[in-house]
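Take a look at the letters that make up each chain.
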Amino acid sequence: MKKENIYNIPNLITLSRVFLTIFIVYGIISKIEIIIIAVAFVIGMLTDFFDGQIARGWKLVTEFGRKFDMIADRILMIGTALAFIVSYNGIMTANHWIQIFLIMSREILTAPFFLYSHFRKSVKIPRAKFIGKLTTFMQGVAFPLVIMGIFYEKFEFSIYLAIATGIIGILSGLRHMKDLSE
């Protein structure tokens, strides 16, 4: 088996997403200005785009990077969602809860299957599919709008993006579960 050079710019960008998640979670818990949280989240989601583009463009694609990227995405999404649920539970309406649930539909669907395969020592992270990339993009757009909607009424339209993200997320989750079972 060929040894990979995992010390490259795309993997450093992916690592920055993990560190940005720590900043976001800390910011949510310490209740810093919500616009800063939303912007940091969008930057985190943009790193997902750039790490892959650079890896493919500069021929720095590694198996480690592929898996690390997917895990960093989940850390960002789940970490941010959990921090919001814990920190802003008292001011979130049922509408916000539904939107977060819809946006997290892929993670909710696939988590049990991933954990099951992990404990069976057969962790096999499938290759990214277009529907998975579309789900991640939709999450990157919808989630900051939901965050802003908790504090500003003019973002109530986020429900429509959350519904679209939920539908795409469910389809992506089903595809991901099928891939995990193969």
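Keep in mind that what you see is a predicted model, and the values were worked out from it rather than measured.

### Concerning the overall build of the protein chain
The helix and strand inventory of the protein chain stands at seven helices and zero strands. What you see in the protein chain, going N to C, is helices and strands ordered as α-α-α-α-α-α-α. In terms of overall dimensions, the protein chain has a C-alpha envelope of 55 × 30 × 25 Å along the principal axes. Taken over 182 residues, the protein chain has a buried fraction of 47%. Put simply, of all contacts in the protein chain between residues at least 6 apart along the chain, 83% involve residues at least 24 apart.

### Some points on a nonpolar patch on the surface
Side chains of Phe23, Ile35, Ile36, Val39 and Ile43 sit close together on the surface and give an oily, nonpolar patch of about 410 Å² of accessible area. In this structure, Ile35 sits in helix 2 (residues 34-57).

### Observations concerning the packing of helix 2 against helix 6 (residues 130-151)
Close contact between helix 2 and helix 6 brings their axes to 8 Å; oriented N to C, the two are set at 170°. The angle between the axes of helix 2 and helix 6 places the two elements in the roughly antiparallel class. On helix 6, the residues touching Ile34, Ile35, Ala38, Phe41, Val42, Met45, Asp48 and Arg56 of helix 2 are Lys133, Thr136, Gln139, Gly140, Phe143, Pro144, Ile147, Met148 and Phe151.

### Points about the packing of aromatic side chains
Per the counting criterion, the structure on display carries eight aromatic pairs. Judged by centre distance (6.2 Å) and plane angle (35°), the ring pair of Phe155 and Phe157 falls under tilted. Its relative accessible area of 18% is what places Phe155 among the buried residues. Look at Phe157 and you get partly exposed, because its relative accessible area is 39%. An aromatic cluster is defined as three or more aromatic residues linked by ring pairs; in this entry it consists of Phe41, Phe84, Tyr88, Phe143 and Phe151. Over the face of the ring belonging to Tyr88 we find Lys31, whose NZ or CZ atom lies 4.5 Å from the ring centre.

### Points about the layout of surface pockets
If you add up the space inside the largest pocket, you get close to 920 Å³. In this structure, the largest pocket is lined by 38 residues; those nearest its centre are Asp48, Asp69, Asp73, Ala128 and Lys133. Broken down by secondary-structure element, the contributors of at least two residues to the lining of the largest pocket are helix 1 (9-29), helix 2, helix 3 (63-88), helix 6 and helix 7 (158-181). With 10 residues, the single largest contributor to the lining of the largest pocket is helix 2. Considered class by class, the residues forming the lining of the largest pocket number 14 nonpolar, 11 polar and 13 charged.

### A look at the nonpolar core
Grouped together as the largest cluster of nonpolar side chains are 29 residues, with contacts concentrated most on Ile24, Phe84 and Phe143. Secondary structure elements with two or more residues in this core: helix 1, helix 2, helix 3, helix 4 (94-103) and helix 6. The biggest single contributor to this core is helix 6, with seven residues. Once residues within four sequence positions are removed from consideration, Phe84 is found in contact with Ile28, Ile34, Ile37, Asn89, Met92, Ile147, Ile150 and Phe151.

### Describing the environment of Thr135
Position of Thr135 among the secondary structure elements: in helix 6. In the structure, Thr135 is positioned 92 residues away from Ile43 in sequence and 17 Å away in space, judged by C-alpha atoms. Once you skip the residues sitting within four places of it in the chain, Thr135 turns out to touch Arg106, Thr165, Ile168, Gly169 and Ser172.

Definitions and limits used
Residues numbered from 1 in each chain as written. Predicted model: local features only at pLDDT ≥ 70, side-chain atom pairs only at ≥ 80, totals over all residues. Heavy atoms only, no water. Helix = DSSP H or I, 4+ residues; strand = E, 2+ residues; numbered from the N terminus. Buried < 20%, exposed > 50% of the residue type's maximum accessible area, 1.4 Å probe, protein only. Contact = heavy atoms within 4.5 Å. Patch = residues over 30% accessible without salt bridge, like charges linked within 9 Å, V, L, I, M, F, W, Y side chains within 5 Å. Areas by Shrake-Rupley, 256 points an atom, 1.4 Å probe, with all protein chains shown as cover. Salt bridge = Lys/Arg side-chain N within 4 Å of Asp/Glu carboxyl O. Axes fitted to C-alpha atoms, helices over the stretch in contact; angles between N-to-C directions. Parallel < 35°, antiparallel > 145°, perpendicular 65-115°, else oblique. Phe/Tyr/Trp six-rings, centres within 6.5 Å; stacked < 30°, edge-to-face > 60°. Lys NZ or Arg CZ within 6 Å of the ring centre and 35° of its normal. 1 Å grid on protein atoms, 1.4 Å probe; cavity = no way out; pocket = protein on both sides within 12 Å on 5 of 7 lines; lining within 4 Å. Points joined across faces, edges and corners; volume = space filled by probe spheres on them. Nonpolar A, V, L, I, M, F, W, Y, C, P; charged D, E, K, R; others polar. Core = buried A, V, L, I, M, F, W, Y, C linked by side-chain atoms within 4.5 Å.

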